[in-house]
Amino acid sequence: MIPVTKEKILEKNQEFEIEIEDYGNDGEGIGHYEGMAVFVKDAAKGDRALVRITKVKKSYAYAHLVKVLEPSEDRSEPLCPHAKVCGGCSLMHISYDRQLAWKQEKVAQALKRIGGIEDPVGIMEPIVACDGGGLHYRNKAQFPVGCDKDGNIIIGFYAGHSHRIVDTDSCLLQPERFDEIIGACRAFFVEHRIKPYDEEKGSGLVRHIVIREGRSTGQIMVTFVLNGDGFGGHEQALVHEMRKISGIRSIIINTNKEKTNRILGFTNRVLWGSDVIEDTIGDIRFAIGPMSFYQVNPSQTKRMYEKALEYAGLSGGETVWDLYCGIGTISLFLAKQAGKVFGVEIIEEAIEDARRNAKLNGITNAEFYVGRSEDILPEKHKKEGVIADVIVVDPPRKGCDASLLETILSIASKRVVYVSCDPATLARDVAILTKGGYVLQKACVFDNFSQSTHVETVAQLVNIAAKPGIMPDL
Ligand code: SAH
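Here the structure is a predicted model, which means the values were calculated and not measured.

Novice: Would you take a moment to explain the site of the ligand for this structure?
Specialist: In the vicinity of the ligand, 17 residues are found, and the nearest of them are Q295, Y305, E345, S373 and D394. Between an oxygen atom of the ligand and a side-chain N or O atom of E345, the distance comes to 2.7 Å. In this structure, S373 approaches the ligand through a main-chain N or O atom, which is 2.9 Å from a nitrogen atom. Surface burial for the ligand is 87%, taken as the share of its 580 Å² of free accessible area covered by protein chains. Residue assignment for the shell around the ligand shows that the elements contributing at least two residues are α6 (329-335) and α8 (373-384). Its residues assigned to classes, the shell around the ligand comprises eight nonpolar, five polar and four charged.

Structure (structure tokens):
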């Protein structure tokens, strides 16, 4: 039999006009060519555009945006000249209002399609927008340092999906003081002939500059990540230059001599000042070291945790579990209104931070465990009879482990507050919890990562039928 070969609809480098009808999961525009879906980066819904095919798959293709022929109403001119090449702001060509609408819609669609929630819009609160139109919100930046082909020092950001450094003087997502610090470092390296690290050869000294700010205190920590132990005889001069910048509280040398993509190495030395900076979220103080995990959008984080607190519905005596607790930010936020809080986190250093932060705030009703949530919760519950009135989960993108959801159902806590950074896995886990006797009562989307496609959601699930000790048929 002669195999039937389907005529190839599209070929690489083929150019044509297309109408962009929708956004994909990563914010790319989607159009169709003779029934085949075409994904176009940097295109906006409503654009009429000339595109060139870059890759053809079985049932879809990728295309490069050659020219916008008729611009969509969603468009706005990116404020940053590097928006197209830098990997950081993939939505900057879309107006901030439309970014917000897209994010709200993305969560609603996931809850409907994957989560089986009939009317997600009915239970969703309006998206919480970032201040300042979604600019200058970050409190942390990691700048790679390198050389261009003429040997000049470049400091900036990696181009999307690569390690090519885009040289920049300023980034619109960061505090303006960070630009000043980078400018001072650049001048210092040139004057003192300090060599950037060469990733391919493994030679040179400076790999990254990591800057963190305590937004509420104004304190700044600058960490120099070096392929070495220090700047030798230049250190005092560097301290002198850095201290000219207001707010500098801590200068750290971090050593990373490995050939790795990991930014920070494991040894830190205080070159000047304190080993931590402080920040507050609400009335809770946090000490942040060079290795500490800390949310990058502090004002949105506060709003998000306030929502988690509201959804937890605490009256003062409850036992609360904060699973995937990181440095205990949510735990400490909840502790003042709960009877007891247990935090669980897989990274030991984060738990050390959590315990230190509890002490710093005089909080004595929070206890922290190192381990996997899916191991610790059943262990403490079954063996020690620890109860859970409210369970908060804030897992990484892959969502909760299936066995953890089973434990939650058999504990049958009154409420589950789900803090999620991935709508698809949130919806998947909501489907399991709702099948097991919970109802999704409310959800609120937070724009903590404006100009990028990331979305945070806080959801409240209330127990209406789950019974302690009984595993429902899922
Ligand atoms: N709730 C924290 C951190 C959330 S990020 C905050 O708001 O700041 C998710 C955290 O889950 C990370 O700190 C990660 O180390 C941790 N983690 C990942 N898998 C885990 C698991 N199976 N059990 C416990 N913690 C886990």
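Having seen it, we continue.
Novice: Just checking my understanding: could you explain the sheet that holds strand β6 (residues 60-70) for this structure?
Specialist: To summarise the sheet geometry, strands pair through backbone hydrogen bonds and adopt either a parallel or an antiparallel arrangement. The six strands lie next to each other as β1-β5-β6-β4-β3-β2, forming an open sheet whose pairing is mixed. The strands lining the two open edges of the sheet, one partner per strand, are β1 (15-19) and β2 (22-23). Strand direction decides the pairing type here: strand β3 (residues 29-33) and strand β4 (residues 36-40), joined by five bridges, are antiparallel. Counted as the bridge partner of I30 is F39 from β4.

Novice: Please explain helix α4 (residues 235-242) as it appears in this structure.
Specialist: Two residues of an α-helix separated by three or four positions point the same way, owing to the 3.6 residues in each turn. Listing the buried residues of α4 in full gives E235, L238, V239 and M242. What you see down the axis of α4 is that its buried residues fit within an arc of 100 degrees, all on one side. Relative to its buried face, α4 has exposed residues pointing more than 90 degrees away, namely Q236 and H240. The elements touched by buried residues of α4 are α3 (176-191), β11 (220-226), β12 (248-255) and β13 (267-273).

Rules of the game
- Residues numbered from 1 in each chain as written.
- Predicted model: local features only at pLDDT ≥ 70, side-chain atom pairs only at ≥ 80, totals over all residues.
- Heavy atoms only, no water.
- Near = heavy atom within 4 Å.
- Polar contact = N/O pair within 3.5 Å; in protein donor to acceptor, adjacent residues only side chain to side chain.
- Areas by Shrake-Rupley, 256 points an atom, 1.4 Å probe, with all protein chains shown as cover.
- Helix = DSSP H or I, 4+ residues; strand = E, 2+ residues; numbered from the N terminus.
- Nonpolar A, V, L, I, M, F, W, Y, C, P; charged D, E, K, R; others polar.
- Pairing = 2+ DSSP bridges.
- Buried < 20%, exposed > 50% of the residue type's maximum accessible area, 1.4 Å probe, protein only.
- Arc of directions from axis to C-beta.
- Contact = heavy atoms within 4.5 Å.

That is the geometry; function is a separate question.
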